[in-house]
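# Survey of secondary and tertiary structure
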Amino acid sequence: MSIQDILTRHRFTVTSTGLRLDDQAEAPVDNPDAAANAGATLSLLALNRNRNRNRNRNRNRNRNRNRSLNNAAGAALQEPWKERELLHDLRSEWQDLPLPLPPNAEGLRRQALDLLVKQALRTTPQESGRKAEILREANIELSGYLRPLGIEELGGYDATEGLFYLILALTDEIGLRYKDRYNVLRPNQIEPRLRPLLPNPPHQSYPSNHSFQSFSIAFLFSRILPEHPASSELFNSARRIAENREWAGLHYACDTQAGYQLARMIAPVLEKVCKKQMLAAQAEWL
Amino acid sequence: MGQTATDLTVTGQENYPHYDALWHLKTLGVLDARNAPLGWSPTPPPKPTRVAVIDTSVAPEHPNLKNTINTALSIDFFSARLGSFPYRGALDTLDLDWDTNIADGLPHSVRLLTEFTDRLSNGSAAHNNRVQPCTLPDFSGHGTCIAGLVGARPCITEKRLASGETEPLALPYSGVDPMCEIVQISTNFDPEPEGMILAFLYAELIQADVILLPRTISDPSRVVPELGDVMLGSHNIKDLVRQVAASPVLDDMWSELAELIVNISQNRPIVCAAGNANEEGAIYPANLATEHNGIISVGAINAKGFLSGYSGRQGITVFAPSNDAEAFDASQVRLDERNPEYDPIGVPPSTDNDKFSSFDVISTDVPGPAGYSGSPFAGASLDGSLREYGSYFSRFGGTSAASALVAGFISLGRSVGDCPAGSGSAAKSWLLAKSHPQSDGDIPLNVPCWSGRPQFPDT
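Residues numbered from 1 in each chain as written. Chains lettered and ligands numbered in written order. Predicted model: local features only at pLDDT ≥ 70, side-chain atom pairs only at ≥ 80, totals over all residues. Heavy atoms only, no water.

## What to know about the overall build of chain B
- When its secondary structure is counted, chain B shows eight helices and 18 strands.
- Here chain B holds 459 residues, and 61% of them are scored as buried.
- Taking as baseline every contact in chain B between residues at least 6 positions apart, the subset at least 24 positions apart corresponds to 71%.
- By element, 51% of the accessible surface of chain B is carried by carbon and sulfur atoms, the whole surface being about 16,500 Å².
- Side chains of chain B carry 29 positive and 53 negative charges; the gap between the two charge centres is 5 Å. (Helix = DSSP H or I, 4+ residues; strand = E, 2+ residues; numbered from the N terminus. Buried < 20%, exposed > 50% of the residue type's maximum accessible area, 1.4 Å probe, protein only. Contact = heavy atoms within 4.5 Å. Areas by Shrake-Rupley, 256 points an atom, 1.4 Å probe, with all protein chains shown as cover. Lys, Arg positive; Asp, Glu negative; His and termini not counted. Charge placed at Lys NZ, Arg CZ, Asp CG, Glu CD.)

## Some points on empty space enclosed by the protein
- Counted by the stated rule, this structure contains six cavities of 30 Å³ or more.
- By volume, the largest cavity amounts to about 100 Å³.
- Considering the residues around the largest cavity, the lining is formed by 15 residues, among which N188, D190, E192, G195 and M196 of chain B are closest to the centre.
- Residue composition of the lining of the largest cavity, grouped by class: six nonpolar, five polar and four charged.
- Roughly 70 Å³ of volume is contained in the second largest cavity.
- For the lining of the second largest cavity, the secondary-structure elements that each account for two or more residues are helix 11 (209-224) of chain A together with helix 3 (141-151) of chain B.
- In terms of residue class, the lining of the second largest cavity is built from six nonpolar, six polar and two charged. (1 Å grid on protein atoms, 1.4 Å probe; cavity = no way out; pocket = protein on both sides within 12 Å on 5 of 7 lines; lining within 4 Å. Points joined across faces, edges and corners; volume = space filled by probe spheres on them. Nonpolar A, V, L, I, M, F, W, Y, C, P; charged D, E, K, R; others polar.)

## A few points about the packing of helix 11 of chain A against helix 13 (residues 253-273) of chain A
All names here are of chain A.
- Taken N-terminus to C-terminus, the directions of helix 11 and helix 13 make an angle of 40°; their axes are 8 Å apart at the nearest point. Relative to helix 13, the element helix 11 is oriented oblique. As for how helix 11 packs across helix 13, the hand of that crossing is right-handed. Along its contact with helix 11, which presents S211, F212, F215, S216, F219, L220 and R223, the element helix 13 presents D255, T256, G259, Y260, L262, A263, R264, I266, A267, L270 and E271. (Axes fitted to C-alpha atoms, helices over the stretch in contact; angles between N-to-C directions. Parallel < 35°, antiparallel > 145°, perpendicular 65-115°, else oblique. Left-handed = near helix turned anticlockwise from the far one by under 90°.)

## Section: the pairing of strand 7 (residues 210-213) of chain B
Residue and element names in this part refer to chain B.
- What you see with strand 7 is no split at all: V210 and L212 on one side and I211 and L213 on the other are buried throughout.
- The pairing of strand 2 (residues 50-55) with strand 7 spans three bridges and is classified as parallel. Looking at strand 7, one finds that A52 is bridged to I211. (Pairing = 2+ DSSP bridges.)

## A look at the pattern of salt bridges
- Applying the stated rule across the entire model yields 32 salt bridges over all chains.
- A salt bridge links E127 of chain A to R130 of chain A; the shortest N-O distance between them is 2.9 Å.
- The exposure class of R130 of chain A is buried, given its relative accessible area of 6%.
- Across the pair R34 of chain B and D32 of chain B runs a salt bridge, and its minimum N-O distance is 4.0 Å.
- Put simply, E79, R84, E173 and R177 of chain A are held in one network by salt bridges that share partners. (Salt bridge = Lys/Arg side-chain N within 4 Å of Asp/Glu carboxyl O.)

## A closer look at the environment of A258 of chain B
All names here are of chain B.
- Tracing the sequence through the fold places A258 in helix 6 (residues 248-267).
- According to the relative accessible area criterion, A258 is buried, its value standing at 8%.
- For the pair A258 and V230, spaced 28 residues apart in sequence, the C-alpha to C-alpha distance is 22 Å.

## What about the sheet that holds strand 6 (residues 181-186) of chain B?
Residue and element names in this part refer to chain B.
- Spatial strand order, 3-6-2-7-10-11-12: seven strands in an open sheet with parallel pairing. Single-partner strands in this sheet number two, and they are strand 3 (75-76) and strand 12 (318-321).
- Its contacts with the sheet place helix 3 against strand 2, strand 6 and strand 7, and it is angled at close to 155° to strand 2.

## Things to note about the nonpolar core
- Judged by nonpolar contacts, the single largest core of 139 residues is most densely connected at F164 of chain A together with V30, V271, V406 and I410 of chain B.
- Of the residues forming this core, the biggest block, 11 residues, is contributed by helix 13 of chain A.
- Two domains each provide a minimum of three residues to this core, namely domain 1 (3-58) and domain 2 (80-283) of chain A.
- Leaving out residues up to four positions away in the same chain, V271 of chain B has contacts with V210, I211, L212, L213, I296, V298, S403, V406, A407 and I410 of chain B.
- Core analysis: the second largest hydrophobic core is formed by 56 residues, I75, A103, F116 and I264 of chain B among them. (Core = buried A, V, L, I, M, F, W, Y, C linked by side-chain atoms within 4.5 Å. Domains from an automatic or database assignment.)

## Some words on the side chain of D55 of chain B
Residue and element names in this part refer to chain B.
- Along the polypeptide, D55 turns up in strand 2.
- Buried within the structure, D55 lacks any salt-bridge partner; its nearest side chain of opposite charge belongs to R215, at an N-O separation of 5.6 Å.
- Side-chain polar atoms of D55 contact the backbone nitrogen of G143, separated by 3.5 Å.
- Contacts of D55, omitting those with residues within four sequence positions, involve H142, G143, I146, Q184, I185, S186, T187, P214 and R215. (Polar contact = N/O pair within 3.5 Å; in protein donor to acceptor, adjacent residues only side chain to side chain.)

## Some details on the confidence of the model for chain A
Residue and element names in this part refer to chain A.
- Here chain A averages 83 in pLDDT, while 81% of its residues score no lower than 70.
- Confidence, read as mean pLDDT per element, is least for helix 2 (residues 32-37) in chain A (34) and greatest for helix 13 (98).
- A low-confidence stretch, residues 25-46 stays under pLDDT 50, and its non-local contacts, those more than four residues away or across chains, total 54 contacts.
- Ignoring residues within four places in sequence, the model shows residues 49-75, a span with pLDDT below 50, making 55 contacts including any to other chains. (pLDDT = per-residue confidence, 0-100.)

## Quick look at a nonpolar patch on the surface
- Nonpolar side chains collect at one region of the surface, where L227, L232, L240 and V241 of chain B lie side by side and expose about 360 Å² of accessible area between them.
- Looking at the secondary structure, you find L227 of chain B in the loop between strand 7 and strand 8 (231-232). (Patch = residues over 30% accessible without salt bridge, like charges linked within 9 Å, V, L, I, M, F, W, Y side chains within 5 Å.)

## Thoughts on the packing of aromatic side chains
Residue and element names in this part refer to chain B.
- Within this structure, the stated rule accounts for 20 aromatic pairs over all chains.
- Pairing Y19 with F359 gives two aromatic rings, centres 4.0 Å apart and planes at 15°, and the pair type is stacked. Residue Y19 is found in strand 1 (residues 19-20), and its partner F359 is found in the loop between strand 14 (333-334) and strand 15 (361-364); the two are separated by 340 residues along the sequence. Accessibility classification places Y19 together with F359 in one group, the buried group. (Phe/Tyr/Trp six-rings, centres within 6.5 Å; stacked < 30°, edge-to-face > 60°.)

## So, the packing of helix 4 (residues 81-89) of chain A against helix 9 (residues 158-182) of chain A
All names here are of chain A.
- One can describe the packing of helix 4 onto helix 9 by two numbers: an axis separation of 10 Å at closest approach and a directional angle of 40°. It follows from the interaxial angle that helix 4 and helix 9 lie oblique. Classified by chirality, the crossing of helix 9 by helix 4 is right-handed. Along its contact with helix 4, which presents E83, R84, L87 and H88, the element helix 9 presents L166, A169, L170, E173, I174 and R177.
- The residue makeup of the contact of helix 4 with helix 9, split by class, is five nonpolar, one polar and four charged.

## What to know about the pairing of strand 10 (residues 270-273) of chain B
Residue and element names in this part refer to chain B.
- Covered by surrounding structure in strand 10 are I270 and C272 together with V271 and A273, the residues of both alternating faces.
- Here three bridges tie strand 7 to strand 10, and the two strands are oriented parallel to one another. Bridge pairing in strand 10 places L213 opposite C272.
- Pairing of strand 10 with strand 11 (residues 295-301), which is carried by four bridges, proceeds in the parallel orientation. Residue pairing for strand 11: A273 is matched across the bridge by V298.

## Considering unusual backbone geometry
All names here are of chain B.
- Cis geometry is found at the peptide bond from V224 to P225, where omega equals -5°.
- The residue P225 is located in the loop between strand 7 and strand 8 in this model.
- Here Y284 and P285 are connected by a cis peptide whose omega angle stands at 5°.
- Mapping P285 onto the fold places it in the loop between strand 10 and strand 11.

Structure (structure tokens):
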């Protein structure tokens with residue numbers, strides 16, 4: 001049938017409940033599963049229903065967070081064994097991504113000079129705020145990601161937060177494997193004049209897991225909600241969090257860069273592993 | 001998406017009028033009242049018009065898009081720096097403009113072009129440096145909606161019956177130009193210039209007839225409103241607000257990107273969304289549009305013929321059909337009185353509520369539970385197949401939708417040999433000659449129309 005024939009012989013009409021093809025009667029929509037089980041043929045088009053999203057003046061209704069009732073974070077920290085199993089099934093897709101080899105000791109010493117400069121600048125008024133950021137970001141916490149999205153104090157985003165925790169958990173393991181392979185000494189082991197703000201974590205330097213994990217959140221969030229203005233802002237937050245580890249004297253710039261590259265290259269694998277959680281998170285926004 | 005039976009309970013939706021899912025094509029004068037092509041014949045030209053869409057990835061298996069997406073040339077820059085081809089094997093000799101001088105005078109772009117053309121040479125791997133593309137259809141909602149508005153083909157597909165048998169199912173949905181081909185150029189949303197420079201270079205290399213950018217580019221110094229030279233003591237506020245320190249190399253590359261976009265628009269029209277937050281003068285890079293280049297900035301007009309509640313008005317080249325949004329601010333009160341949650345308390349006596357239109361633009365959506373519209377079924381089918389055709393389409397809108405319609409409009413002009421080739425400015429002049437002033441407020445809105453004058457159905 002030609003284009004013209006299909007268009008002139010059939011017609012889609014947008015109705016108050018969905019899309020109707022030609023003059024077929026619409027199936028009831030209040031319980032479509034029951035209709036399907038009964039063998040009814042639906043002619044309904046399930047259009048997305050949230051009109052004027054993000055623009056409605058009542059948009060935040062009933063979304064005030066009651067933190068005392070919020071157990072999502074605790075629940076999300078459970079070991080994600082199913083996703084980890086899937087990740088391991090796909091190991092051949094991520095175990096040997098083409099990260100550049102790290103610089104030699106001379107190269108690292110040169111990069112450490114920049115860290116000495118940062119260490120000196122840390123005490124200046126312009127950069128004095130970094131210390132609080134560094135201490136806050138020392139361990140896993142989500143405010144650096146939730147604040148650009150504007151959902152830090154809002155309820156109803158449990159799946160989004162759960163997704164972020166899942167990404168942090170999976171990327172932690174992956175990063176450790178790469179660190180182990182390259183076995184790069186921490187900056188103050190190369191440059192003793194460095195006085196890190198925090199103790200060296202008990203693993204190697206290259207690539208930076210703070211960088212890898214933060215950028216992984218940014219890359220995957222931009223897959224589920226590319227049109228959100230904060231999608232790009234999350235990358236800036238990720239860069240800030242990653243660079244703060246340089247300001248803390250814990251990572252070279254090359255660690256930050258390698259973390260970014262790893263996050264970018266591994267995103268296709270993570271979107272397969274985290275698909276279910278990404279769809280659930282997306283549903284909270286659409 | 002992910003809807004439960006509870007989500008599907010209908011409350012007050014019966015207030016809204018029914019409307020034709022292809023109303024936007026009638027407003028653009030492309031289809032007549034019978035849905036037949038108006039003033040053009042759907043006979044594909046020998047070489048399909050090529051639309052390069054720089055956006056997210058797409059769902060190429062959608063029945064209305066199967067013959068639209070050029071799977072040999074579509075490329076993904078999300079994960080692989082120099083691009084991975086999602087739908088093909090190793091590269092053969094690609095039909096590219098290998099000798100382009102489009103980057104001349106732009107040193108970073110020249111360097112990238114050299115590296116990129118080497119990567120595109122005969123025999124290269126589809127996946128650059130073994131990095132997979134990041135293109136799962138599940139997360140391709142935006143690109144799929146955009147592609148459908150530009151170039152979806154009406155088609156006959158199959159409907160699976162409860163008995164397990166199938167029967168033919170017509171999907172009478174069409175893009176503005178159902179004869180064009182779309183080369184999807186997907187990128188990530190990291191605010192760094194290299195990926196976008198490569199995306200535009202690729203659109204030039206494949207000699208796209210039209211380039212569509214239904215999004216913004218987050219260049220830190222060109223985000224609107226631009227901060228200009230606001231100083232705080234000896235520091236420019238532009239530098240003080242940055243989370244990440246400026247880098248001279250990156251700043252140079254951002255400037256090159258802006259220049260590159262203008263240069264490419266001399267050869268082929270670049271259609272850009274003007275923004276969804278009342279931006280006067282439009283977002284970047286739509287705001288690069290001038291009389292002297294081929295950049296086309298597109299705003300949105302609703303199904304009543306009024307400026308959409310979220311669209312800017314000034315400095316915009318043309319306006320095309322899209323959805324509407326409520327407004328409740330000092331410049332306008334436009335509320336949806338049909339909405340069951342409509343609350344008259346606090347609403348001033350004089351409003352523009354009558355300008356609000358409930359019509360959305362309908363487009364193709366990722367099949368299955370992903371995308372903007374999920375299945376009406378709470379659970380997946382037992383065998384994983386689609387149980388109905390419901391989630392093939394979704395409501396869509398914004399200036400993204402409007403820009404996609406304009407790109408399709410120019411593509412149709414090329415497909416029937418009406419719109420001139422080889423010059424973005426000439427294509428833009430052709431588009432403006434096809435446009436009609438629509439009266440709304442002080443400044444008339446230019447609305448393209450293929451035949452006759454634009455008709456608005458929500459009256």
